[in-house]
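What follows is each chain in one-letter form.
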Amino acid sequence: VVKVNSGQPKIVIIHDDLSEDDPLLVELRDAYGSENVTLKKESQEGLDYVLANLSEKAIVILDLNFKANEPSGVDVFDKIRERTSLIYIIVLTAKDLHQVAAEDLVKFINNDALAFIPVTDSYQKVLEAVAKAAHELDTSVGSVLEQWISRQSDDVKNAPYVTTETGKRYTLGNLLDEIRKQTAFGKKMEKNILLLAVDLLTRQKERIDD
Amino acid sequence: MISVNIAFDNRDAELGEFFRQCKDDLITFLNDNDAGDEYDVHEMHSGLCNMAYLDNRMPLINANNFLFIAYSHGEDNCLLAGGTAYIVSNHYSNVHLFTNSFFYSVACFTGARLGGHLINSGSHTFIGYRDSYQVLDRYMAVAIECANLGIKMFFTGRNVEEAFRLMKQLYTQKVDRLIALGDPLGASFLRENRDGLVQLGRQDLTAADFEV
């Protein structure tokens, strides 16, 4: 079943040090609605939840340290990025920046972690980062396209949709993967939507001028 | 009588069916609009889309004006069938074979360089795409209609300039139609095809100029 949230984003907190009555969760629920804020204290459960709801507009607040038998925050980050670049990830951790391995920091930066916030900072910083992510989710072409494709029926999504110059045939489901993974073709589709918007607006203006 | 030569790579694994349907659509149009023996149509399926065949075929017709229509994959400098170039403008160039032609190409990228080389080698006019060309499987009838409109309008008496303008206009109408149907993604692919269209060479020619 495809679940689509066309209004507020889903906020998934994967963090074993936070509780349901933590002030941060209270503030997030006030701002985005209780039904849109989910706390997962185990990283595997949080990862499974995110991957099962890729069609949601989602913001993930992610801890780095979990129990030894649980995937680390870096592992969760990697697994999400293997599937999509359209989910915003905010790293919220007890670690200071200098305690994070250099290669992990580079990975976060190169793969669009939205923010890295020490848990000792004011949770206001987290709220600001979430607000920024929510705005970008509302306005990014990739997210809008993702929402549009996710709304199509399974029959439509699984039927051949377009064949490119390389002879590769895509269904809408395939195109969604290209957008989520931000491949060259996925980015080209986003650019094409912007060019289409410019075309439509320009021709609308010409009609008005006439 | 007008010499109409149609190359189509029907054996292409992914787009062969599209290329064949484009060819069939044009043949049907010509048959429906043929008042007598107006058109001398010569079809070149995948097996004939090669340089050796064209070396033999084209000198038989290129002393006079003729039309050459290609439905296949393309790159900047060539048209391809089965992954092998059959019309090419590099050091093995055979573009000189198409002198006196109206060259109409439904293929990617050929408007970027091959079209200019054809014009410089004596083709009268060229219509094709300078960028990638996407085939909308979901709207195959629309894809074929847009692909063929320019050449069809030429056969109905419009000059090259008018036929090209009408072709772009049809693309725009279909863009608006897909928007109205709620499919901005399909519309964006059609817009890309439209804006990749190029016309090179003479614009004043009509079908009457190709009667022999």
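Now for a quick tour of the structure. (Residues numbered from 1 in each chain as written. Chains lettered and ligands numbered in written order. Predicted model: local features only at pLDDT ≥ 70, side-chain atom pairs only at ≥ 80, totals over all residues. Heavy atoms only, no water.)

This part takes up the overall build of chain B. A tally of helices and strands in chain B yields six helices and ten strands. Taken against the 2.2 N^0.38 rule, which gives 17 Å for 212 residues, the C-alpha radius of gyration of chain B at 16 Å falls within 12% of a compact globule. Principal axes of the C-alpha set define a box for chain B whose edges measure 50 × 40 × 30 Å. In chain B, buried positions account for 58% of the 212 residues. A sequence separation of at least 24 residues applies to 71% of the contacts in chain B between residues at least 6 apart. Accessible surface for chain B amounts to roughly 8,100 Å². Of this, 46% is attributable to carbon and sulfur atoms. The distance from the centre of the 16 positive side-chain charges to the centre of the 27 negative ones in chain B is 5 Å. (Helix = DSSP H or I, 4+ residues; strand = E, 2+ residues; numbered from the N terminus. Rg over C-alpha atoms; globule rule 2.2 N^0.38 Å. Buried < 20%, exposed > 50% of the residue type's maximum accessible area, 1.4 Å probe, protein only. Contact = heavy atoms within 4.5 Å. Areas by Shrake-Rupley, 256 points an atom, 1.4 Å probe, with all protein chains shown as cover. Lys, Arg positive; Asp, Glu negative; His and termini not counted. Charge placed at Lys NZ, Arg CZ, Asp CG, Glu CD.)

All names here are of chain A. The contact between helix α1 (residues 23-32) and helix α5 (residues 123-139) brings their axes to 10 Å, and the two run at 30°. Along this stretch, α1 crosses α5, giving a crossing that reads as right-handed. Residues P23, L24, E27, L28 and Y32 of α1 lie in contact with α5, whose contacting residues are Y123, V126, L127, V130, A131 and A134. Considered class by class, the residues forming the contact of α1 with α5 number ten nonpolar, no polar and one charged. (Axes fitted to C-alpha atoms, helices over the stretch in contact; angles between N-to-C directions. Left-handed = near helix turned anticlockwise from the far one by under 90°. Nonpolar A, V, L, I, M, F, W, Y, C, P; charged D, E, K, R; others polar.)

This part is about unusual backbone geometry. Residue and element names in this part refer to chain B. One non-glycine residue with positive phi stands out, namely N100, at about 75°. Mapped onto the secondary structure, N100 falls in the loop between β6 (84-88) and β7 (101-106). A residue is classified by how much of its surface remains accessible, and N100, at 18% relative accessible area, is buried. Positive phi outside glycine occurs at F109, with the angle close to 65°. The residue F109 is located in the loop between β7 and α3 (114-120) in this model.

Attention shifts here to the interface of chain B and chain A. How big an interface is tends to be expressed through the accessible area that disappears when the partners come together. Listed by partner, the interface residues are 28 residues for chain B and 25 residues for chain A. Of the roughly 2,200 Å² buried between chain B and chain A, counting both surfaces, carbon and sulfur atoms make up 57%. The tally of links from chain B across to chain A stands at five salt bridges. Between R194(B) and D199(A) there is a salt bridge, with its nearest N and O atoms 2.7 Å apart. (Buried area = accessible area lost by both parts, 1.4 Å probe. Salt bridge = Lys/Arg side-chain N within 4 Å of Asp/Glu carboxyl O.)

So, on to the environment of R203(A). By the element assignment, R203(A) lies in helix α9 (residues 184-209). Distance in space between the C-alpha atoms of R203(A) and S140(A) is 23 Å, their sequence separation being 63 residues. Setting aside anything within four residues of it in sequence, one finds R203(A) in contact with T172(B), V175(B), D176(B) and R194(B). Among the polar contacts listed, one links the side chain of R203(A) to the side chain of D176(B), at a separation of 2.7 Å. (Polar contact = N/O pair within 3.5 Å; in protein donor to acceptor, adjacent residues only side chain to side chain.)

None of this, on its own, says anything about what the molecule does.
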